[in-house]
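Architecture at a glance
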Amino acid sequence: MYDVLAYVYEHYERADLAYNGDQIARKLSAVGFEREDIHTALRWLAGMRTTTPIESFSVPDVDSAHRIFSPRELAKLEAACLGYVLTLEHSGVLCPQMRERVLERALAADGEPLVLAQLKVIVLMVLWNEDLPSRQLLAHDLFIESESQLPS
């Protein structure tokens, strides 16, 4: 799934997915991705479009609140992933609402607990989906660092 997401990030615009999902699935298949990986990735991306809008995430005042990870989040994300999310938030890359979107999409990913390279792809896709141009450059840098480390 993560290789497919990385390919989509590099080769498609958000609007392409919204209106041409079947056509993109055929193109991904022609490139050589397996049908199951394509289906899983496109289903995951569709879930991002149907979730609660980022503006409506209600989070407490950041200065007076602490984020406690749920048992489900702790089981799904290894320690390096949790540290990465917190680092992105504290450095201003992710606002609390974006952090919640990243965590929601991480929990929506199929399979075993996520490793850091997988979470980086999820962060990229969340930033890409929210169409945040100033963060796209950072997202691209994150992608380049993790591209060769993606698990199969």
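Everything in this summary refers to the structure shown in the same document. Please read all numbers here as calculations on a predicted model, not as lab measurements.

The next thing to look at is the overall build of the chain. A tally of regular secondary structure across the chain gives 9 helices and 0 strands. For the chain, the α and β elements follow one another from N to C terminus as α-α-α-α-α-α-α-α-α. Considering only residue pairs separated by 6 or more positions, the chain has 76% of its internal contacts joining residues 24 or more positions apart. With an accessible surface of roughly 8300 Å², the chain has 52% of that area assigned to carbon and sulfur atoms.

Once that is clear, we can look at the pattern of salt bridges. Scanning the model with the defined rule gives 7 salt bridges in all. Notably, a salt bridge pairs R43 with D110, separated by 2.7 Å at the nearest N-O pair. With R43 in helix α4 (residues 35-50) and D110 in the loop between α7 (96-108) and α8 (116-129), the pair connects residues that are 67 residues apart, well separated along the chain. What makes D110 partly exposed here is its relative accessible area of 42%. Bridged by salt links that share partners, the residues R67, E73, E89, R99 and E100 form one connected network.

Take the nonpolar core next. Core analysis: the biggest nonpolar cluster contains 41 residues, and L5, V8, W44, L45, L119, I122 and M125 have the highest contact counts within it. Of all elements in the fold, only α1 (2-11), α3 (21-31), α4, α6 (79-90), α7 and α8 reach the threshold of two or more residues within this core. Residues in contact with W44, not counting those within four places in the same chain, are M1, L5, R105, A108, A109, I122 and M125.

Tallied over the entire structure, the rule returns 2 aromatic pairs. Note on Y7 and F33: the rings are 5.4 Å apart at their centroids and 70° apart in plane angle, and the pair reads as edge-to-face. Here F33 lies in the loop between α3 and α4 and Y7 lies in helix α1, a separation of 26 residues in the sequence. A residue is classified by how much of its surface remains accessible, and F33, at 19% relative accessible area, is buried. In this structure an aromatic cluster arises from ring pairing among Y7, Y12 and F33. The ring of W44 has R105 sitting right over it, with the charged end atom 4.8 Å from the ring centre.

Turning our attention to α8. With 14 residues, α8 extends 20 Å from end C-alpha to end C-alpha; this agrees with the ideal 20 Å at 1.5 Å per step. Of all 14 residues in α8, 13 are buried; the element is thus mostly enclosed. Taken from the residues just after α8, D131 is the one with a positive phi, measuring 55°.

Turning our eyes to something else, we now look at the packing of α7 against α8. Two elements in contact, α7 and α8, have axes whose closest approach is 10 Å; the angle formed by their N-to-C orientations is 125°. Here α7 lies oblique to α8, going by the angle between them. The chirality of how α7 crosses α8 is right-handed. Of the residues in α8, those in contact with M98, R101, V102, R105 and A106 of α7 are L119, I122, V123, V126, L127 and N129. Of the residues assigned to the contact of α7 with α8, the class counts are 8 nonpolar, 1 polar and 2 charged.

What counts, and at which threshold
- Residues numbered from 1 in each chain as written.
- Predicted model: local features only at pLDDT ≥ 70, side-chain atom pairs only at ≥ 80, totals over all residues.
- Heavy atoms only, no water.
- Helix = DSSP H or I, 4+ residues; strand = E, 2+ residues; numbered from the N terminus.
- Contact = heavy atoms within 4.5 Å.
- Areas by Shrake-Rupley, 256 points an atom, 1.4 Å probe, with all protein chains shown as cover.
- Salt bridge = Lys/Arg side-chain N within 4 Å of Asp/Glu carboxyl O.
- Buried < 20%, exposed > 50% of the residue type's maximum accessible area, 1.4 Å probe, protein only.
- Core = buried A, V, L, I, M, F, W, Y, C linked by side-chain atoms within 4.5 Å.
- Phe/Tyr/Trp six-rings, centres within 6.5 Å; stacked < 30°, edge-to-face > 60°.
- Lys NZ or Arg CZ within 6 Å of the ring centre and 35° of its normal.
- Expected span 1.5 Å × (residues − 1).
- Axes fitted to C-alpha atoms, helices over the stretch in contact; angles between N-to-C directions.
- Parallel < 35°, antiparallel > 145°, perpendicular 65-115°, else oblique.
- Left-handed = near helix turned anticlockwise from the far one by under 90°.
- Nonpolar A, V, L, I, M, F, W, Y, C, P; charged D, E, K, R; others polar.

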